[in-house]
Structures are given as structure tokens and as C-alpha cells.
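One-letter residues, chain by chain:
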Amino acid sequence: MSPHSRARAFLLGVSPWVFFVALILLWEIVCQAFSLPAYVLPAPSAIVDAFFQVEFSRWLTHLWATLRVALLGFGISILVSIPIAVAMMRSELLSRTLYPLLVVVQSTPVVAVAPLIIVLMGSDDSSRVLITCLLTFFPLVVSTATGINETPPELIELSRSLDAPTRRETWQIRIPYAIPHIFSGLRIAITLAIIGAVVAEFVAAEEGLGYFIQFSTSFFRIPQAFAGLFFLAVVSLLLFKSVQWSQQLFFPWSLPKKGH
Amino acid sequence: MSPHSRARAFLLGVSPWVFFVALILLWEIVCQAFSLPAYVLPAPSAIVDAFFQVEFSRWLTHLWATLRVALLGFGISILVSIPIAVAMMRSELLSRTLYPLLVVVQSTPVVAVAPLIIVLMGSDDSSRVLITCLLTFFPLVVSTATGINETPPELIELSRSLDAPTRRETWQIRIPYAIPHIFSGLRIAITLAIIGAVVAEFVAAEEGLGYFIQFSTSFFRIPQAFAGLFFLAVVSLLLFKSVQWSQQLFFPWSLPKKGH
Amino acid sequence: MSDTATNRPFVTLTGVGHRYDPNPSVPPAVTGIDLVLRRHEFVAVVGPSGCGKSTLLRMISGLLKPSEGAVSVFGRPVDGPRDDVGIVFQKPTLLPWLSVRRNVLFPLKHKFGRYSKGDEKRADELLEMAGLGSFAEKMPDELSGGMQQRVGIVRALLLNPDILLMDEPFSALDAMTREQIGFDLLKIWEEQPKTVLFITHSIAEAVLLADRVLVMSKRPGTVLDMIEVDLPRPRTTRTISDARFGELADRIRTYIYEPDVAS
Amino acid sequence: MSDTATNRPFVTLTGVGHRYDPNPSVPPAVTGIDLVLRRHEFVAVVGPSGCGKSTLLRMISGLLKPSEGAVSVFGRPVDGPRDDVGIVFQKPTLLPWLSVRRNVLFPLKHKFGRYSKGDEKRADELLEMAGLGSFAEKMPDELSGGMQQRVGIVRALLLNPDILLMDEPFSALDAMTREQIGFDLLKIWEEQPKTVLFITHSIAEAVLLADRVLVMSKRPGTVLDMIEVDLPRPRTTRTISDARFGELADRIRTYIYEPDVAS
Amino acid sequence: ADQVTYQLDWLPGGDKSPVYVGVQKGFFEDAGLEVNIATGRGSADAITKIATDQADIGSADIAAVMAARAQDESVPVKVVYSIFNQAPHAFFTLEKSGIDELTDIQGKKVATSPFTSSNAFLPLVLTENGLPSDAVNLTKADPGALGPMLMNGGTDAIIAWVTNVPLFEDQAEATGNELVVIPWSDAGLELYSSSVVASEKFLSERPDVAKRFIAALDKSIRYTRDNPSEAGAALKSMVPEVDADVAAAQVKATMPLVFNSVSERDGLGALTPERIALTWDWVSQAENLPADSLDPESVIDRSLLETLD
Ligand SMILES: Nc1ncnc2c1ncn2[C@@H]1O[C@H](COP(=O)(O)OP(=O)(O)OP(=O)(O)O)[C@@H](O)[C@H]1O
Ligand SMILES: Nc1ncnc2c1ncn2[C@@H]1O[C@H](COP(=O)(O)OP(=O)(O)OP(=O)(O)O)[C@@H](O)[C@H]1O
Ligand SMILES: Cc1ncc(C[n+]2csc(CCO)c2C)c(N)n1
Ligand SMILES: [Mg+2]
Ligand SMILES: [Mg+2]
């Protein structure tokens with residue numbers, strides 16, 4: 001590696017952090033300069049204070065509650081949406097029939113049907129996971145279906161000419177081809193999974209970061225609510241990065257080629 | 001067109017409706033058979049009754065309130081996210097710096113920051129539009145960026161070999177190539193735009209379908225709330241279809257090829 | 001493979017044609033093709049670009065339904081893709097996520113779900129034969145265009161299919177590799193007889209390899225002539241200097257260059 | 001174009017090489033290429049598949065940075081893509097959303113943002129020349145493989161570039177079209193002189209068209225020889241029967257078939 | 001006319017009807033005021049909007065105002081008038097459950113909304129009645145789910161506000177059940193609740209407008225008590241989605257929180273120092289705030305009350 005490209009790599013690695021720190025500083029300065037009241041927008045310093053006023057074990061409890069719902073919902077969504085996308089790709093009838101239903105489900109604000117879900121499923125993890133799934137599975141279906149349909153026709157002909165079972169056409173050609181699309185769906189879905197878990201906690205929960213934020217807000221502990229929000233953002237970012245890392249690790253060929 | 005393929009086309013056209021009607025009938029039967037109370041799951045007949053109990057002009061008021069926020073948010077999101085995706089594709093530095101920020105913005109549950117937005121921007125359309133944008137722009141950025149990166153390297157080389165302005169490389173090669181992906185993003189975003197408008201109304205509004213549903217729920221008028229939900233679903237479906245129709249109309253080449 | 005098995009009609013096309021554009025004012029891509037491929041026969045197809053050679057191949061493979069006439073194999077009508085057909089496509093169609101070796105083994109993996117150590121050995125042998133021995137572990141995008149095409153050929157040979165359909169398999173190869181791999185193909189074909197339809201743009205190659213050469217007219221593609229290549233087998237580099245070779249090649253050249261005079 | 005302009009060094013490669021794999025135990029793709037293309041000279045490149053011909057072309061075009069040595073055009077070092085270069089790629093690289101005519105006009109549209117009625121006429125003439133006159137309104141996926149490649153050639157000619165780099169442009173064409181389009185290319189080149197680098201797998205084609213033929217060794221690609229083709233111009237079908245033609249072709253063939261004997 | 005924006009702390013309902021009555025009956029107009037009503041989403045939301053001058057005056061739970069000021073003394077709002085002199089919180093149960101009085105709740109399943117202020121008072125009410133603070137088996141679910149959970153046996157009791165008794169009664173009736181309400185105000189919870197809150201800016205810059213507003217609101221509240229069905233109709237005419245009869249029933253259920261022994265003793269709207277101190281006592285314990293983190297009197301502004309007759 002040349003010194004020039006090493007410097008570049010360093011710059012690339014460092015710049016997000018620099019930017020982030022600059023942003024936080026700007027925020028602090030704006031809060032101080034305009035003496036914005038903390039109940040409107042607390043300064044980062046106030047948020048950090050609030051963060052450490054909550055016991056760490058409490059944070060972990062809330063984190064775990066949110067994380068397990070988000071990840072479970074995310075996982076179930078993947079398991080559900082890929083077969084649906086495959087089935088819809090295989091049968092136009094199914095696709096035409098199911099697509100409107102999926103859109104309806106997707107565009108129904110979960111907050112509005114929450115009571116129904118709670119009454120039917122009880123106010124425990126299961127209904128929260130369901131709410132998360134409702135939010136996440138649609139982007140996955142759409143991305144997977146788009147990807148599956150973009151498989152080059154020559155490869156489909158190759159499979160047809162082998163008279164291979166459709167199952168293998170799907171698994172050995174279409175799905176791998178859809179991997180870049182699936183991951184673009186996964187990137188969207190993982191952040192929606194967190195949102196789903198948080199919304200679910202707004203609707204029914206005793207713990208979790210969403211519950212914590214709303215709870216703090218209802219008691220006017222705005223810096224504390226922001227601390228929760230901040231924590232949540234960090235967790236989301238890590239999950240999002242994990243999705244990217246998994247793609248790099250398991251499907252390196254699916255990443256766009258860097259120019260020479 | 002052969003009679004066989006005409007029959008097939010007819011079947012394809014009709015099947016979603018048959019399915020839909022069957023679903024409604026099943027729902028009605030389940031409600032009657034288990035005599036589910038209307039405040040848990042109202043029967044379709046009760047929902048229809050409730051629908052007609054609300055004046056049509058009120059429906060239009062609510063519809064217009066939601067629609068204008070959703071469409072404005074959707075439009076602004078498109079205008080914002082495509083340049084962002086293009087810029088991020090062009091500069092790795094920008095991409096590395098901006099991506100985490102976008103993820104943070106996206107994964108912050110809008111429901112939790114909505115009150116802040118309302119306080120900062122006032123509880124009028126502008127803040128609801130912003131909330132909608134926050135929800136919709138991320139899928140658009142992710143899809144557009146994925147699509148732009150998938151442009152075959154040969155075409156990029158063609159452009160490079162012409163020493164054409166980057167602007168044209170972007171507009172005449174990369175963006176057209178990303179069209180299938182952009183539309184997959186648009187399909188996700190349009191339903192999220194509706195959700196965004198509704199969520200915004202849950203946080204602050206005096207009219208709109210989301211407000212209507214929330215209001216009906218606060219009075220435990222569940223059939224009326226479901227009538228609102230149903231109306232909302234129809235609107236979403238139409239918007240979703242419009243996205244598909246625009247793709248068919250303006251970018252027919254971007255649709256997957258049907259087998260011979 | 002008994003000798004009685006050869007010389008029998010194996011693939012039969014009667015009045016076969018295809019039109020991509022339903023608009024009747026546009027001529028069909030190919031039309032009125034009557035053709036019989038005998039069992040274990042090597043037939044080359046030549047004709048101007050765009051005359052419908054690939055279309056014909058796709059109809060024989062069952063990938064494309066003829067819009068007129070019918071194709072049958074061994075007396076049974078072809079109404080879908082057959083599994084005893086190996087195809088080399090005009091574009092290399094490798095899977096970008098598989099190494100070269102796994103791409104070659106893909107038909108087995110795809111058809112049967114698995115392959116044996118023996119299959120791997122055979123794949124390596126075939127790759128060696130195609131001059132790709134040291135590239136087995138590379139990914140397709142690390143190969144040159146010609147190498148990718150060679151991988152596609154090796155892949156089609158792996159399954160040792162009854163019918164081998166090849167769409168300009170050698171066009172991306174250099175002259176030496178091309179001649180070499182042509183003879184290799186003949187050797188394989190003689191050891192493990194199969195019915196071959198071989199599309200090429202090289203008249204010399206067609207005459208050198210085939211039992212018969214199908215000459216197609218320009219669009220709409222029809223059969224101009226079917227030329228029996230009565231050169232002795234095995235064919236070698238010496239065949240090229242045979243006077244009969246020049247004669248046959250010239251006859252075909254006349255069709256292609258001056259179709260009106262020839263017919 | 002005055003005669004003094006020709007015969008001058010135009011493109012200069014000194015010790016040029018490229019390795020894709022930074023691992024030093026893997027040999028580079030090409031190495032130690034010293035090469036001078038004179039202004040308005042037609043140079044053909046032949047060599048085994050995978051020897052680095054496309055890599056060489058990409059380095060001259062400025063699309064690929066050499067990892068050793070340097071390329072310069074007209075004395076100025078090449079450090080990025082140049083706009084006076086027309087490239088025909090080995091794979092057809094048409095834009096699926098544009099009709100054939102618009103694909104041909106694309107370089108103008110792309111470089112300058114617009115094109116004139118005159119350009120359209122020229123595009124149609126070139127398409128006519130390539131035998132695609134009636135396909136101008138079709139979409140790329142309605143063309144056969146060979147036709148797509150011809151569209152790519154026509155596209156590269158449209159801008160009438162100073163330097164024309166062609167990567168096996170004719171390999172998907174039938175023999176007749178191939179010869180025809182080769183002579184058409186020569187006619188255009190004689191009317192509007194340009195420096196041409198022409199990669200081909202056909203030794204006959206190389207000798208028939210070029211002023212000089214660059215023969216490359218197999219990987220890692222180096223220059224085996226540079227053969228002056230002292231056949232009179234204009235070249236015609238008759239050139240092929242020239243005894244000197246056979247001699248030159250044989251000499252190149254020896255390099256390719258028996259590199260050890262030749263060198 | 002002077003413009004006044006009145007901020008509700010929740011969606012319109014029978015319990016919020018007085019301000020609508022004031023508009024419909026012209027009480028505000030008579031006082032030279034043009035009142036704009038904005039809906040809210042909880043007390044914290046209403047307080048923030050009033051504090052940031054998006055509204056001049058509005059309703060919010062005094063407990064929320066105290067909690068806000070205890071944590072950030074700069075929040076520029078003051079409580080100027082008491083609407084509910086009694087706590088609205090209550091256990092709702094079905095007759096068949098056998099829960100007749102508060103102490104019967106021990107060991108039972110109780111469902112509550114996740115973010116209602118009731119949850120904070122629950123342990124205090126339980127200990128006040130000699131029960132351990134964790135005497136009930138609590139689950140938290142969306143307010144919309146509470147009724148159905150109670151009716152289908154998913155829970156033994158729920159926590160809700162007595163203002164909503166008519167809504168739950170409807171649900172009970174639909175399933176052939178009899179609703180039993182156990183208000184916490186009968187079980188020792190003595191405090192102010194929903195109050196009128198004004199921004200300090202409004203009070204200092206437009207004191208006269210504020211005075212006229214409170215006078216007209218006071219009049220509206222009295223009128224509402226006397227004419228519940230007219231109040232329902234007034235609400236309906238401004239918020240068409242409302243069912244006037246249900247709203248009227250809500251008015252009737254709400255009025256005992258406004259007109260009761262406390263209001264008879266101290267006067268309507270009054271904010272007595274004793275009861276303010278008592279309220280802070282409850283609130284500080286409920287929300288884990290140090291008793292000295294707030295002088296409860298500092299959130300009160302009695303200047304408007306003093307001008308009422
Ligand atoms: N992107 C790449 N990554 C790694 N190796 C590459 C890459 N592209 C080409 N190579 C290797 O470089 C060598 C030269 O490739 P190149 O494409 O230049 O050959 P070529 O002479 O054009 O072959 P052909 O006649 O088959 O097109 C080959 O051995 C190939 O495996
Ligand atoms: N998908 C398609 N849609 C419409 N027309 C098509 C399609 N595919 C091929 N054609 C047309 O059918 C004709 C025959 O095409 P085909 O690919 O069979 O030719 P070919 O003989 O294989 O040509 P080449 O030698 O160039 O590969 C061409 O004129 C082409 O334009
Ligand atoms: C000031 C005020 N804030 C919130 C609510 C909302 N709320 C809290 S509990 C509950 C369930 C029904 O009792 C509802 C709707 C309200 N009503 N009034
Ligand atoms: Mg073809
Ligand atoms: Mg090459």
C-alpha cells in the first residue's frame with residue numbers, strides 16, 4: 001500500500017468520527033448560545049449527565065427487552081418474506097392476489113391495530129414481535145422479489161435446459177442473484193425492526209428503550225428521554241453495520257466492484 | 001391472443017377481487033360465529049355501517065389532510081434522497097460520513113422525536129411533512145445507492161472513455177440503470193409515506209385519517225376506527241398501484257422480461 | 001452405443017418457425033425449417049448474423065416454443081426443456097459467486113443436488129484440456145473473455161449429454177486454442193457419441209468438424225442447403241489440406257457470399 | 001491530415017505492465033511491453049486467450065493504470081481516460097433503455113449533451129453500412145448477439161475518434177459480414193485516418209487489415225514480435241491470394257502454434 | 001377580539017367539553033375573546049406546547065406541571081385554576097369478579113395503560129390501604145385494549161379514569177356484564193388533578209385577556225354541569241366525529257370530579273395551599289422526586305382566581 005493510499009484510508013476511517021464530534025459540538029454550542037430550554041432540546045452535556053444518572057443495569061434491561069423483540073421480529077420476517085417473494089415470483093396468480101394484501105397490511109398503521117393485536121395475542125413479547133414483523137417484512141418482500149426478477153434470462157435458460165427442480169433454480173440461481181437486493185432490503189428492515197420494537201413498547205410494555213423514552217417524556221424527563229434515544233440510535237447503527245459486515249463476510253462477491 | 005391466454009388474463013385480473021371478497025366473507029362469518037364483540041374486531045358489515053355514518057365531506061377533509069402530507073413528504077424525499085445517493089456514490093468520504101448519520105436518523109423512531117419536531121416547527125403541515133420525509137427517505141437512499149452501484153463496469157468504462165462530465169455519467173447511465181431499484185424503493189417509500197403522515201397525525205393534528213382513527217379509538221368506536229383504517233388501506237393501495245403504473249408507463253424497459 | 005442406433009432420425013423439425021413480433025407485417029425470425037438430425041451426428045449451422053441460428057437452437061432445446069411447426073426428439077414432441085441437452089450459450093453465463101471449478105460442476109449440483117470426488121476430477125481434467133487448469137480456483141470476473149467462454153464449454157461437456165447444442169462456442173478463442181479445442185471436442189464426441197448442433201461463423205470450422213453443414217438464408221431464416229461433408233474421420237490438421245475440404249468450403253462460401261448464384 | 005503527420009510516434013508504451021493480484025507469487029497479467037504506435041497506423045494484436053490483450057487495450061485507453069511503466073500519447077503521459085479514443089468492447093455494452101439508433105448516437109449525447117439531425121443521418125448511414133438499417137428503431141434485446149456487437153462497432157465509429165481501440169470487434173460476426181465490415185473499416189480508416197489498435201483472434205484478419213501485427217506471448221503477456229505487413233493498400237479480397245499474405249500469416253501462425261521454435 | 005389558543009391535554013371528549021360549550025354558547029365571544037382549541041397528546045405534550053408559546057393556556061394534570069418544574073424550574077408555566085379537585089383514577093372491574101372494595105384487589109391481575117400518571121400513584125394507593133406496594137399483578141397495554149381485556153376475562157381489573165366510565169359501561173353492557181368502579185379518591189388519594197395551565201408570557205403580557213378567559217371558562221364549566229346534553233351537542237357541533245350522547249354521559253361522569261365537597265368548601269377552581277401541599281406530597285412520592293426539589297406554591301398563580309366572583 002502506498003503512503004498516499006494509506007493516508008487516504010486513514011482519512012476515510014477517521015472522517016465519520018470527526019464529522020460526528022463536530023456535529024455534537026455544534027449542537028452543544030447552539031444549545032448554549034440560544035439558551036434553548038432543555039425541555040425543547042437538551043444539550044449533549046445534559047444528555048450525557050442524564051445517561052449516567054440511570055443505572056447501567058437498568059440500561060441493559062431495557063436494551064435487552066428491545067433487542068430481543070427487534071431481532072426476533074427481524075428473523076421471523078426474513079423467514080417469512082423470502083418464501084413469500086419466491087412464491088410470488090413463481091406464480092403470477094399468487095403475486096396478483098397477495099401483493100394488494102401485503103400493501104394493505106404494510107400501510108395499516110400498526111399503532112392503530114395495536115389494541116386488536118394485544119387483545120388477540122396478549123400483552124407480551126409475542127404481540128411485540130408480531131408488530132415488528134408487520135413493519136419489517138414488506139421491504140424484504142419487495143427487495144427480494146425485485147432481485148429475483150432481475151436474474152439474467154440466460155441463467156434461467158441454463159437451469160431450464162438442465163430440467164432441474166424449480167427448488168434448485170430458486171436456491172442456486174435466483175436467490176444468490178437477488179443477494180444484493182436482499183441485503184438492500186435487510187438494511188432497511190433492520191432499522192425498521194428497531195422502530196417496530198419501540199412502537200410496540202409504546203403500545204404495550206413494562207421495559208425496553210422505547211418504553212423508557214416514552215416514560216421519561218411523560219414525566220418530563222426530556223434529557224433522560226434523549227439519552228434513551230441516543231442509546232437506541234447507537235444500537236441501531238451497530239445492527240445496521242452488522243448487516244453490512246455479514247454481507248462482506250458471507251457474500252463478498254455481491255458487493256459492488258471497486259474501480260481499479 | 002388465443003382464447004386460452006385470454007381466459008388466463010381474465011383469471012389473473014379477477015382473482016385478487018375474488019380473494020378479497022372471500023376474505024371479507026370469512027371475516028364476517030368469523031365475527032358472527034364467534035360473536036366477537038365489535039370493540040375487539042368489528043364485522044365488515046358493522047364497518048360499512050360506520051363508514052356511512054360519517055359524512056362524506058368529513059371523509060374528504062380527513063383524506064385530503066393525510067394525502068397532502070404523504071405526497072408532499074414523498075415528493076420531497078425523492079428530491080432529497082436521489083441526490084444524496086448520487087453524492088454518496090461519487091465520494092467514498094461523503095458516503096462514509098453520511099451513511100452513519102442517515103442510519104441514525106432512520107433508526108430513531110420518529111414517534112419518539114415527533115414531539116420535538118412539533119415543538120421546534122409548530123404543529124402544522126410542515127412538521128408533519130418532515131416526519132413523513134424522515135420515514136421515507138432512507139429506503140430511497142438505500143435502493144438508489146444499491147442500484148447506482150450495480151451499473152455494469154463496462155458501461156462506466158464507456159463513459160470514462162468518452163471523458164464525459166460525471167453529471168452525464170450519473171444521469172445517462174447510472175440513474176437509468178438504477179431505475180428498477182429506485183422503483184423498488186419507491187414502492188416501499190409510498191406506503192411508508194402514508195404511515196409517516198398517519199404517525200405524524202397521531203402526535204399532533206386536528207384532522208386527517210390517522211387523527212380520525214385515533215380519535216375514534218379514544219371513544220372506543222372501533223367500527224368507525226376500522227372504517228378509517230379501511231379507507232386508509234384503499235388509499236395506500238391506490239398510491240402503490242400508481243407507482244407501479246408510472247413504472248409501466250414511463251420505464252417499460254425496466255420491468256422484468258416475461259418468459260417467451 | 002450400437003451402430004444401429006446411429007443413422008436413425010433423432011431430432012426432427014417439421015415446418016418449424018418462430019416470430020418474436022406478433023405484428024404480421026414484421027417477417028418471422030425463422031420459418032419453414034424442415035430438418036432431421038440423426039443420432040450421434042455432428043451438424044454445423046452457418047448463416048448470416050441475425051438469420052435465426054440462436055432461435056433455431058433455442059427451439060430444439062425446448063427453451064423456446066416454435067410459433068409454427070413442431071420439434072420432436074426420438075419421436076416424442078418437445079414441449080419443454082429436456083434434461084439430456086447440454087447447451088453452450090453465445091454469451092458466457094457463469095455464476096459470479098462460484099469459482100471456475102464450481103461453475104463447471106454447477107450442472108451436476110443443480111440437477112442432482114450434489115457431485116462426487118470423481119466428478120471433481122473430471123471437471124479438473126476438462127479444465128486442463130481447455131487450458132484452464134491453473135484457474136480452477138479463480139472467480140469468473142478474474143478471467144478474460146475467452147477464458148470465460150471456455151469455462152462455459154467445459155460446463156456443457158461435464159454432463160456428457162445426449163444432445164449438445166453449441167452457439168458459437170469458439171468465437172472468443174484464439175486461433176490455436178480454437179483449433180485445438182475443436183479437435184478435443186471431436187475426440188470427446190467420438191469417445192462418447194452425442195448428437196451435436198454446432199453454430200459457427202467459420203466455414204472452415206464447420207467443414208472441419210461436422211458430418212453435415214446446414215446453411216441458412218438471411219432473415220427470415222430458412223434452410224438454403226444441407227451439405228454432406230464426406231471427409232474421412234478422424235479429422236486432423238491434415239484434413240484442411242485435403243482438396244475436398246476446399247471444395248466443400250468453397251461451396252458453402254458461395255451460398256453465403258452469393259446466395260442468388262448458388263441456389 | 002498531411003503525410004508528415006503520419007509515421008511519427010503517437011502512442012508510446014515503455015516497460016508497461018499490469019498485475020491484478022498484488023500477491024507477488026502470482027505472475028502479472030502483462031509485463032515489460034515496449035510499443036510505439038505511429039500516427040494513423042493500423043496495428044493488430046494477436047495472442048493466446050488470456051494473454052493480456054484486453055488489459056493492454058485498457059491501459060492505452062487510460063481506463064486502467066499500468067502498475068509498471070508508462071503510456072503516453074503524443075508525448076503527454078496518459079493518466080486518465082482520453083476523449084479522443086473510441087472503444088469497441090469485447091462484450092456488447094448497449095444501453096437497454098435506448099433504441100439501436102439512440103445507442104449509436106449515445107457517445108454524442110453523452111459527451112456533448114445533444115446531437116444534430118446530421119448526426120442522426122450519419123448514424124443511419126453507419127447502421128446501413130453494418131447491415132442494420134432496418135433495425136434502427138429496435139431495442140437491443142430484440143437483436144441477435146452478432147447484431148448487438150455490430151451496433152457497438154458503429155457506435156465507436158460515430159465520433160470519428162483519433163484513436164480507435166477495438167477488442168475482438170468481429171468475433172460474433174459471420175464470415176461474410178466479417179470480411180465486408182473489415183473492408184468497410186479500412187475504407188473509413190483511409191478516408192478519415194486514425195490510429196487503430198485492433199485485437200483479433202483471426203491471424204488472416206490481422207494480416208489483411210493491419211500495417212503491423214503485434215504478437216503477444218501467453219501469460220504473462222509480453223511482446224513476442226512486431227511484424228511489418230508490407231502488403232500494398234488498398235487491400236481487397238485479392239490480397240488474400242497474394243503469396244506474401246500467406247507467408248506473413250504462416251510466420252505469425254508459427255509464433256502462436258510453436259512459440260519456442262519461432263523465437 | 002383577542003385571540004387565545006387553548007391547548008387540550010388530550011383528544012376532545014366529554015371531559016373536555018366546557019371549553020367547547022364556552023365557544024358554542026358565546027361566553028368567550030361575550031368576553032371579547034376568539035378561542036382556538038388545539039388537541040393534545042398527554043399532559044407533557046400540552047405543557048411543552050404552552051411553555052413554547054404554541055398555545056397561551058390549556059389543561060394539564062397538575063402532577064405533570066409539578067414534575068416538570070421540579071426537574072426544570074425554568075419551564076415557564078403556571079397553574080391558574082383547578083378543574084378536577086379529585087383524582088380521576090379508579091379500578092374498573094366486573095361485578096362477577098367479586099372485587100367490591102379496594103382491598104379485594106390484592107393478588108389480582110390488573111391491566112393499565114403504559115404511560116398514564118395513574119401508574120405512579122398505584123403503589124401509594126395500595127400502601128395507603130394497607131396492602132403491599134406490589135399487591136397486584138400488573139400488565140401494561142394500549143388504552144384501547146383495556147376494555148376488551150376486562151370483558152373477555154384477560155384481566156380481573158383495569159386502571160382508568162372515571163371520566164370514561166360511560167365508554168366502559170357500553171362495552172360491559174354489550175357483553176352482559178355489570179361494571180364496578182372503585183375510585184381512588186374514595187380510598188385516600190386526595191389531590192388536585194386536571195387544571196388550567198397558562199404560559200408565564202400570556203399571564204404577564206396579556207393579564208387582562210387571561211382574566212376574561214378564566215371568567216368565561218368558569219362560566220362554561222358551570223353551564224356544562226347544568227346542561228350535560230347541551231354540552232354533548234356543543235362538542236358534537238365542533239367535532240363532528242363525536243357521539244353527542246356518549247359525550248353527555250361523559251360530562252355527567254366527569255362533573256363529580258369538579259363539583260364536589262372540595263369545591264363546595266373552597267370554591268370552584270380554587271387552589272388552596274393546603275391541598276397544593278398535599279398534592280405535591282403525593283406527586284413527589286409517586287414520581288420519586290425529593291420533597292425539597294420544588295416549592296409547590298411556585299407553580300401556582302392565583303391572580304386570575306382572585307378576580308372571579
Ligand atoms: N479483474 C481481474 N482480476 C484478476 N485477474 C484478471 C482480471 N481481468 C483479467 N485478469 C487476468 O489477466 C489475464 C489477462 O486478461 P485479459 O482479459 O487481458 O486477456 P485477453 O488477452 O484479453 O484474453 P481473451 O482473448 O480471452 O479476451 C488473464 O489471465 C486473466 O485471468
Ligand atoms: N427477444 C427478441 N425479440 C425480438 N426479436 C428478436 C429477439 N431475439 C432475436 N430477435 C430477432 O430474431 C432474429 C434472429 O435472431 P437470432 O438471435 O436467432 O440470430 P442469430 O442467427 O443467432 O444471429 P447471430 O449470429 O448474430 O447470433 C434477429 O433478426 C433478431 O433481431
Ligand atoms: C389528560 C389526559 N392524558 C392522557 C389521557 C389518555 N389516557 C390515559 S389512560 C386512558 C385510558 C382510558 O381511561 C387514556 C385514554 C387522558 N384521557 N387524559
Ligand atoms: Mg446468435
Ligand atoms: Mg480480451
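All values derive from a computational prediction rather than experimental measurement.

Engineer: Help me understand the site of ligand 3, please; the structure alone is not making it clear to me.
Structural biologist: Taken together, the neighbourhood of ligand 3 is formed by Asp9(E), Trp10(E), Lys16(E), Ser113(E), Thr116(E), Pro143(E), Ala160(E), Trp161(E) and Asn164(E). In isolation ligand 3 exposes 430 Å². Once the protein is present, 89% of that is buried.

Engineer: Sorry, what's going on with a negative patch on the surface here?
Structural biologist: Judged by side-chain charge, Glu95(E), Asp100(E), Glu101(E), Glu169(E), Asp170(E), Glu173(E) and Glu178(E) come together as a negatively charged surface patch. Given a relative accessible area of 43%, Asp170(E) falls into the partly exposed group.

Engineer: Help me understand the pattern of salt bridges in this model?
Structural biologist: Close approach of charged atoms lets side chains of opposite charge pair. Scanning the model with the defined rule gives 56 salt bridges over all chains in all. Glu207(B) is the salt-bridge partner of Arg68(B), the closest N and O atoms lying 3.7 Å from each other. Remark: Glu207(B) occurs in the loop between helix H8 (166–203) and helix H9 (209–218) and Arg68(B) occurs in helix H3 (residues 56–90); sequence separation between them is 139 residues. Residue Glu207(B) is classed as partly exposed on the basis of its relative accessible area of 29%. Across the salt bridge formed by Glu125(C) and Lys121(C), the nearest N and O atoms sit 4.0 Å from each other.

Engineer: Teacher, can you tell me more about the relation of the copies chain A and chain B here?
Structural biologist: Both copies of the chain are tied together by a single rotation about an axis and a shift running along it. Of the transformation superimposing chain A on chain B, the axial component is 0.1 Å and the angular component is 179°, with the fit at an RMSD of 0.3 Å. Viewed as a symmetry operation, the transformation between the two copies matches a two-fold axis. Interface overlap between copies: 97% of the residues of chain A at the interface are likewise at the interface in chain B, consistent with a symmetric, same-surface contact.

Engineer: So what exactly am I meant to see when it comes to the interface of chain A and chain B here?
Structural biologist: It is common to give the size of an interface as the accessible area lost on bringing the parts into contact. Counting residues at the interface gives 59 residues for chain A, matched by 57 residues for chain B. Here chain A packs against chain B, burying approximately 5,300 Å² in sum over the two surfaces, 79% of which is carbon and sulfur. Sorting the residues of chain A by area buried against chain B places Leu12(A), Ser107(A) and Ile188(A) first, and these three jointly supply 10% of that buried surface. The tally of links from chain A across to chain B stands at zero salt bridges. The interface formed by chain A and chain B includes eight residue pairs in polar contact (both at pLDDT 80 or more). Sorting the residues of the side of chain A that touches chain B by element identifies helix H1 (3–33), helix H4 (92–107), helix H5 (110–121), helix H6 (125–149), helix H8 (166–203) and helix H10 (222–250) of chain A as the ones contributing at least two each. In the side of chain A that touches chain B, the residues fall into 39 nonpolar, 14 polar and six charged.

The rules behind each value
Residues numbered from 1 in each chain as written. Chains lettered and ligands numbered in written order. Predicted model: local features only at pLDDT ≥ 70, side-chain atom pairs only at ≥ 80, totals over all residues. Heavy atoms only, no water. Near = heavy atom within 4 Å. Areas by Shrake-Rupley, 256 points an atom, 1.4 Å probe, with all protein chains shown as cover. Patch = residues over 30% accessible without salt bridge, like charges linked within 9 Å, V, L, I, M, F, W, Y side chains within 5 Å. Salt bridge = Lys/Arg side-chain N within 4 Å of Asp/Glu carboxyl O. Lys, Arg positive; Asp, Glu negative; His and termini not counted. Charge placed at Lys NZ, Arg CZ, Asp CG, Glu CD. Buried < 20%, exposed > 50% of the residue type's maximum accessible area, 1.4 Å probe, protein only. Helix = DSSP H or I, 4+ residues; strand = E, 2+ residues; numbered from the N terminus. Least-squares fit on C-alpha atoms with pLDDT ≥ 70 in both. Contact = heavy atoms within 4.5 Å. Buried area = accessible area lost by both parts, 1.4 Å probe. Polar contact = N/O pair within 3.5 Å; in protein donor to acceptor, adjacent residues only side chain to side chain. Nonpolar A, V, L, I, M, F, W, Y, C, P; charged D, E, K, R; others polar.

Nothing here speaks to function; it is all geometry.
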